[in-house]
Amino acid sequence: MIGDLPVFWLFAVFAVAGLAVVLSSIRATRLADIIADRTQIGEAMAGGLILGGATSLAGVVVSVNAALEGDASFAFSNAVGGIAAQTLFLAIADTIYKKVNLEHAAAEPTNLFQGVMLIVLLSMPLCAMAGPEIAYFGIHPISVVLFLTYLYGVGVSSSVSEQPMWKPVQTSDTREDEPEDDAEPEKSARGPITSFIGLVAIMAVGGWVISQVGGSFIERFGLSSSLVGSLITAVVTSLPELVTTLVAVRRGALQLAVGGIIGGNTFDTLFVVFSDLAYRDGSLYHAIGTTDLYWLGTGILMTSILLAGLIARQRRGPGGIGVESVAMLAIYFAAAFFEVFG
């Protein structure tokens, strides 16, 4: 039904769905911070698991729906394109945090571990593509390995958060993870969690609408699945991460901002797993093109640079932001340029 709409209404529906996802995410950011304080799980863990997973839900729906319809490139490029876009958002957030380089201020062992885990998870589809084309019950074995590795990584992340074996050097610019209200840990988290679930449902519906419109763009305007997935639906469904990151930075919840992006990206690797399950024509990894692989490499490269920045913790760089932020901006826009004009 959505695909039969006139062009004007098609874009209108797309805009409304995107706006609904973004507005829901703004409220979700505030609730995630409250949940982190009341459950005492910490901003980095809340950002990585609660907020990151919730704001990624719309993207999950897009990729799975594309895979069910047999468009492997759309499903995969939406996943890896979203990871690249969301990593870019941290560089954008760095430009608005004027006190010091964001990666310096948001020192947190959990974020470092999740960054390493993200690189590991992104490397697995690359190995699958280079290996033999195999699938059991329509599922490539690497999807099972990736899912189990993700679960293991979540458990280790929790251990790193609760019992860190080392801590970053504290400087005058390091932002501590402390509740805004000392009474927050004594309050019930039930109300915020219930509201948060309602917002997640809105994001899921918005993601389904966006996937339908994205498919219409491919058919009606003759656009490539890779371009629509990596630069249109991936960016739109990633806007919640941009909003939540900017809101978190303005509120001073820097660990939540960085953890939300890295944790959200880690969760986004499961898009590939769910898409492989939904794709019924064999291995998803062998049904995609070189352009999709290009965006996978871009995501790995940007994540590696971000991780290096979190370790180096440069106070100031070019234009008042970190060198890693400058590099991530350059890499993403170069990748987008070659996607459109290459």
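Here the structure is shown first, and the text comes after it.
About the cut-offs
Residues numbered from 1 in each chain as written. Predicted model: local features only at pLDDT ≥ 70, side-chain atom pairs only at ≥ 80, totals over all residues. Heavy atoms only, no water. Helix = DSSP H or I, 4+ residues; strand = E, 2+ residues; numbered from the N terminus. Rg over C-alpha atoms; globule rule 2.2 N^0.38 Å. Buried < 20%, exposed > 50% of the residue type's maximum accessible area, 1.4 Å probe, protein only. Contact = heavy atoms within 4.5 Å. Areas by Shrake-Rupley, 256 points an atom, 1.4 Å probe, with all protein chains shown as cover. Lys, Arg positive; Asp, Glu negative; His and termini not counted. Charge placed at Lys NZ, Arg CZ, Asp CG, Glu CD. Phe/Tyr/Trp six-rings, centres within 6.5 Å; stacked < 30°, edge-to-face > 60°. Axes fitted to C-alpha atoms, helices over the stretch in contact; angles between N-to-C directions. Parallel < 35°, antiparallel > 145°, perpendicular 65-115°, else oblique. Left-handed = near helix turned anticlockwise from the far one by under 90°. Nonpolar A, V, L, I, M, F, W, Y, C, P; charged D, E, K, R; others polar. Core = buried A, V, L, I, M, F, W, Y, C linked by side-chain atoms within 4.5 Å. Expected span 1.5 Å × (residues − 1).

Enquirer: Explain the overall build of the protein residue by residue, including any values.
Expert: Looking only at helices and strands, one finds 12 helices and 0 strands in the protein. The N-to-C order of helical and strand elements in the protein reads α-α-α-α-α-α-α-α-α-α-α-α. Over its C-alpha atoms the protein spans a radius of gyration of 19 Å, differing by no more than 12% from the 20 Å that the globule rule assigns to 342 residues. Over its C-alpha atoms, taken along the principal directions, the protein stretches across nearly 55 × 40 × 40 Å. Expressed as a percentage of its 342 residues, the buried residues of the protein come to 56%. Across the protein, every contact between residues at least 6 apart in sequence was considered, and the portion connecting residues at least 24 apart equals 85%. With an accessible surface of roughly 14000 Å², the protein has 67% of that area assigned to carbon and sulfur atoms. The distance from the centre of the 16 positive side-chain charges to the centre of the 28 negative ones in the protein is 10 Å.

Enquirer: Mind laying out the packing of aromatic side chains, listing which residues take part and the relevant values?
Expert: Enumeration according to the criterion identifies 11 aromatic pairs in this entry. Measuring from ring centre to ring centre gives 5.2 Å for phenylalanine 8 and tryptophan 9, while their planes differ by 80 degrees; the resulting arrangement is edge-to-face. Across the pair, exposure class does not vary: phenylalanine 8 and tryptophan 9 are exposed alike. Of the aromatic side chains, those joined through ring pairs into one cluster are Phe11, Phe14, Phe217 and Phe221.

Enquirer: Outline the packing of helix H7 (residues 141-162) against helix H10 (residues 254-278), supporting the account with residue identities and numerical values.
Expert: Put simply, H7 and H10 touch, their axes get as near as 9 Å, and they point 150 degrees apart. With respect to each other, H7 and H10 are oriented roughly antiparallel. Every pair of crossing elements has a handedness; the one defined by H7 and H10 is left-handed. Across the interface between the two elements, Ser143, Leu146, Phe147 and Tyr150 from H7 touch Thr266, Phe267, Thr269, Leu270, Val273 and Asp276 from H10. Its residues assigned to classes, the contact of H7 with H10 shows 6 nonpolar, 3 polar and 1 charged.

Enquirer: Hey, could you go over the nonpolar core for me, with residue numbers and the actual values?
Expert: Counting 90 residues, the largest nonpolar core has Phe76, Phe196, Trp295 and Tyr332 as its most contacted members. The dominant element in this core, judged by the number of residues it contributes, is helix H4 (residues 72-96), at 14 residues. Setting aside residues no more than four positions away along its own chain, tryptophan 295 makes contact with Val80, Ala84, Ser226, Ser230, Leu231, Tyr332, Ala335, Ala336 and Glu339.

Enquirer: Hey, could you go over helix H11 (residues 290-312) for me, with residue numbers and the actual values?
Expert: Between its first and last C-alpha, H11 extends 33 Å over 23 residues, near the 33 Å set by a 1.5 Å rise per residue. For H11, the full list of buried residues reads Asp292, Trp295, Leu296, Thr298, Gly299, Ile300, Met302, Thr303, Leu306, Leu307, Gly309 and Leu310. Those residues of H11 hidden inside the fold are in contact with H4, helix H5 (102-105), helix H6 (109-130), helix H9 (225-250), H10 and helix H12 (323-341). Immediately downstream of H11, the backbone of arginine 313 shows phi near 55 degrees, a positive value.

Enquirer: If you had to explain the environment of leucine 246 to someone new, which residues and values would you point to?
Expert: Position of leucine 246 among the secondary structure elements: in helix H9. Since its relative accessible area comes to 24%, leucine 246 is described here as partly exposed. Every residue in contact with leucine 246, bar those within four places of it in the chain, is listed here: Ala93 and Ile96.

Enquirer: So what's going on with the environment of alanine 75? Residues and values would help.
Expert: With respect to the helices and strands, alanine 75 occurs in helix H4. Along the sequence, alanine 75 and methionine 302 sit 227 residues apart, while their C-alpha atoms lie 21 Å from each other. Excluding anything up to four places from it in sequence, alanine 75 contacts Ser63, Ala66, Ala67 and Ser275.

Keep in mind these values describe shape, not function.
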